[in-house]
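This is what each chain is made of:
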Amino acid sequence: LLSARQWNVALKLFDVDTAISVGAQLSKSPLGEVRRAALLCDAFLLSFIDAQQAEAILLSADEMHAGDNRAHDDEGSFAGWELYVRAVIDFQVGRHHDAAQRAHEFMHRHRSSELAVLVTLAAMGEVLVGEPARALTTLHALEELNLPWLDGTDVKALAHLALGA
């Protein structure tokens, strides 16, 4: 549990070296879900460098999950994190529609610190697939979060440009 918390802090601080080190520790856990979380961590970190390889890691996580004989819990502890990671990778490889869908699913299921980033990602995906009006609706979720550092101004501007305003 401590390693998982260390990893989470390192990741949020974008301390990639520490996150990789802690992820390596987690990958040796006797618990399948913890090993799977380590794969999701690796996929997330790699998504910004090599999205194709990050997808391959997600396939390994899927295989691990499929091989787990316990009942699958799509609402479990890693369900939200997995949606987040998959949305980021979808966006990185150009599957903007899928990224927007996953981001919306996450928004409906979870309220967390990643929400603001996913709202922006969903809206940008919607602009890129020709749905700027929907992007503006999506961005309304940022208003209730009241985060001055991420208010969606840039994506709103792009949506308005796409609408011809």
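Conventions used here
Residues numbered from 1 in each chain as written. Predicted model: local features only at pLDDT ≥ 70, side-chain atom pairs only at ≥ 80, totals over all residues. Heavy atoms only, no water. Core = buried A, V, L, I, M, F, W, Y, C linked by side-chain atoms within 4.5 Å. Buried < 20%, exposed > 50% of the residue type's maximum accessible area, 1.4 Å probe, protein only. Helix = DSSP H or I, 4+ residues; strand = E, 2+ residues; numbered from the N terminus. Phe/Tyr/Trp six-rings, centres within 6.5 Å; stacked < 30°, edge-to-face > 60°. Contact = heavy atoms within 4.5 Å. Axes fitted to C-alpha atoms, helices over the stretch in contact; angles between N-to-C directions. Parallel < 35°, antiparallel > 145°, perpendicular 65-115°, else oblique. Left-handed = near helix turned anticlockwise from the far one by under 90°.

Draft legend 1. Structural context of the nonpolar core. Ranked by size, the top nonpolar core spans 38 residues in total, and within it A43, F44, Y84, V85 and V119 carry the most contacts. Of all the secondary-structure elements, those providing two or more residues to this core are helix 3 (32-47), helix 4 (51-66), helix 5 (79-92), helix 6 (96-109), helix 7 (115-128), helix 8 (132-145) and helix 9 (153-162). Among the elements that take part in this core, helix 7 stands out by supplying 9 residues, more than any other.

Draft legend 2. Looking closely at the packing of aromatic side chains. Scanning the model with the defined rule gives 3 aromatic pairs in all. Measuring from ring centre to ring centre gives 5.2 Å for F44 and F48, while their planes differ by 90°; the resulting arrangement is edge-to-face. The buried category is assigned to F44, whose relative accessible area is 4%. Relative to F106, the ring of Y84 has its centre 6.4 Å away and its plane inclined at 55°; by these criteria the two rings are tilted. Taken together, the residues span a long stretch of sequence, with Y84 in helix 5 and F106 in helix 6 at a distance of 22 residues. Here Y84 matches F106 in class, with each residue buried. Aromatic ring contacts, followed pair by pair, group F44, F48, Y84 and F106 into a single cluster.

Draft legend 3. Molecular detail of the environment of L39. Relative to the helices and strands, L39 resides in helix 3. Among residues more than four places away in sequence, those in contact with L39 are I57, S60, A61 and M64.

Draft legend 4. Focus on the packing of helix 7 against helix 9. One way to put it is that helix 7 packs onto helix 9 with a least axis distance of 10 Å and a crossing angle of 15°. Between helix 7 and helix 9, the angle is such that the two are roughly parallel. Pair helix 7 / helix 9 crosses with left-handed handedness. Residues T120, A123, M124 and V127 of helix 7 touch helix 9, and the partners they reach there are V155, L158 and A159.

Nothing here speaks to function; it is all geometry.
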